[in-house]
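Summary of structural features
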Amino acid sequence: SIQEVEDAPEDLKERAPIVTVMGHVDHGKTSLLDYIRKENVIAGESGGITQHIGAYGVQLENGQKIAFLDTPGHEAFTAMRARGAQVTDLAIIVVAADDDIMPQTKEAISHAQAAGVPIVFAINKIDRPSANPEKIKEGLAQMNLLVEDWGGKIQSHDISAKTGEGVKELLEKVLLEAELLELKANPDKAANGTVVEAFLDKGRGYVSTILVQGGTLKVGDYVLAGQHSGKVKAMQDERGKKVKTAGPSIPVSILGLDGAPQAGDKFSVFEDEREAKDIASRRTQLQREQSVRTQRH
Ligand code: GDP
C-alpha cells in the first residue's frame with residue numbers, strides 16, 4: 001500500500017542525478033536543454049531524442065547517466081515544490097556571459113538554495129564577441145558565491161549552447177557534484193515517484209510522464225497519482241521506445257491512468273486496484289468540497 005517503509009542500507013543502489021535548468025529569460029536554458037537532447041547518443045542507438053515528454057535521460061560516453069527535467073525555468077521547479085515534490089537533486093543555472101546577473105538569475109539561485117539543491121553555473125553564449133565570463137564570475141563572487149576559478153567550491157563552466165562548446169565538460173562537472181550527494185535508491189520494490197506532466201492524447205488517452213524515484217515501475221502495475229488511478233497499459237521512454245520497466249531516476253510516459261494528474265503529484269504503486277481507485281475518488285471528493293468551501297467564503 002501507500003506506506004513508505006525506510007529502505008535497508010544494503011538495498012540501496014546508486015542512481016542518476018535529476019537536474020533542473022534555471023536562469024534568466026533568454027539566457028539560453030531552452031537552447032542548452034535542446035543541445036543536450038539532440039547531441040546525446042546512447043550507446044547502440046543513433047540520433048537524438050525527438051520527443052518532448054517533460055523529462056529525458058542522457059548517458060555520457062563513460063556510461064554515467066543524468067536525468068533532466070525538460071521544463072526550463074523556476075516556475076516548474078517552484079510549482080512542484082509547492083505541491084511538496086522534491087525531485088531535483090541539482091540545478092544548472094544558466095547565465096549569459098554577454099549580459100549580467102539578472103533578477104531571475106538571483107531568484108533561481110535563491111530557489112535552489114532554499115531547496116538545499118547544489119548549483120552548477122553554466123556561463124553561456126561564450127561564442128559571442130561581447131561575452132565576458134569573468135564579469136559574471138565577479139558578480140557571483142560579490143554575492144558570496146565563489147566559483148572554482150575564483151578560489152571557491154561552486155562548479156561553473158563556460159559554454160555555448162549554440163556551438164556546444166564546453167557542454168560536455170559542464171555535464172562532467174554536474175556528475176562530479178552529484179557524486180558528493182551519494183544519490184541512492186532501492187530499485188527492488190514497488191515504485192514511487194513524481195508526475196512531471198500529463199495530457200490527453202486523442203488516440204492514446206491520458207499520457208502521464210513520471211519520474212521514478214524509488215522502486216521499479218512495471219507494465220501492469222496499479223498506480224495512484226494525485227486524484228487519478230489506473231493500470232499501466234504501456235510505457236515509453238523519451239525516444240518513444242516501448243519499455244517494460246523503469247527504475248530510479250528514469251523518466252517514462254505511461255498510458256492507463258483515468259485522468260491527467262498535475263505536475264508535482266506523487267505517484268505510487270498499489271497491490272490492490274480497488275484501494276488505489278478508492279483513494280483517488282476520496283481525493284477528488286475532498287478537492288470538490290474544498291473548492292465549494294472557498295467559493296462560499
Ligand atoms: P531561455 O529563455 O533561457 O530558454 O533562452 P533561449 O534558449 O530561448 O535562448 C534565447 C536566445 O539566445 C535565442 O535566440 C538563442 O538562439 C540564443 N542563444 C542561446 N544560447 C546561445 C549561445 O550559446 N550562443 C548564442 N550566440 N546564442 C545563444
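So, here is what we can say about the structure in this document. (Residues numbered from 1 in each chain as written. Predicted model: local features only at pLDDT ≥ 70, side-chain atom pairs only at ≥ 80, totals over all residues. Heavy atoms only, no water.)

**A few points about the side chain of Asp-265**
You can see Asp-265 is positioned in the loop between β16 (251-257) and β17 (266-270). Beyond its immediate stretch of four places on either side in the chain, Asp-265 contacts Arg-83, Gly-193, Thr-194, Val-195 and Gly-226. (Helix = DSSP H or I, 4+ residues; strand = E, 2+ residues; numbered from the N terminus. Contact = heavy atoms within 4.5 Å.)

**So, the site of the ligand**
Surrounding the ligand, one finds 15 residues, the nearest of these being Asp-26, Lys-29, Thr-30, Ser-31 and Asp-127. Take His-27: an N or O atom from its main chain is 3.4 Å from an oxygen atom of the ligand. Contact with the protein chains hides 75% of the accessible area of the ligand, taken as 570 Å² for the molecule alone. Per element, the largest residue contribution to the shell around the ligand is 3 residues, and it comes from helix α1 (residues 29-39). Looking at the shell around the ligand, its residues break down into 2 nonpolar, 7 polar and 6 charged. (Near = heavy atom within 4 Å. Polar contact = N/O pair within 3.5 Å; in protein donor to acceptor, adjacent residues only side chain to side chain. Areas by Shrake-Rupley, 256 points an atom, 1.4 Å probe, with all protein chains shown as cover. Nonpolar A, V, L, I, M, F, W, Y, C, P; charged D, E, K, R; others polar.)

**Considerations on empty space enclosed by the protein**
Tallying each qualifying case throughout the model produces 1 cavity of 30 Å³ or more. For the largest cavity, the lining is made up of 13 residues, of which Leu-69, Ala-76, Phe-77, Met-80 and Thr-88 are closest to its centre. Sort the elements by how many residues they give to the lining of the largest cavity and helix α2 (residues 74-82) lands first, with 4 residues. Tallied by class, the residues present in the lining of the largest cavity amount to 7 nonpolar, 5 polar and 1 charged. (1 Å grid on protein atoms, 1.4 Å probe; cavity = no way out; pocket = protein on both sides within 12 Å on 5 of 7 lines; lining within 4 Å. Points joined across faces, edges and corners; volume = space filled by probe spheres on them.)

**A look at the pairing of strand β4 (residues 65-69)**
The buried fraction of β4 amounts to 4 of the 5 residues, a majority that puts the element mostly inside the structure. The pairing of strand β2 (residues 18-23) with β4 spans 3 bridges and is parallel. Note that in β4 the partner of Val-19 across the bridge is Phe-68. As paired elements, strand β3 (residues 55-59) and β4 share 5 bridges and run antiparallel to each other. When the sheet's bridge partners are listed, Gln-59 is paired in β4 with Lys-65. What sits between the antiparallel neighbours β3 and β4 is a turn of 5 residues, in which Gly-63 has the positive phi angle 95°. (Buried < 20%, exposed > 50% of the residue type's maximum accessible area, 1.4 Å probe, protein only. Pairing = 2+ DSSP bridges.)

**Description of the packing of aromatic side chains**
With the rule as written, the count across this model stands at 1 aromatic pair. Ring plane angle 35° and centroid distance 5.6 Å describe the contact between Tyr-56 and Phe-68, whose orientation is recorded as tilted. Placement of the pair is Tyr-56 in strand β3 and Phe-68 in strand β4, with a sequence separation of 12 residues. (Phe/Tyr/Trp six-rings, centres within 6.5 Å; stacked < 30°, edge-to-face > 60°.)

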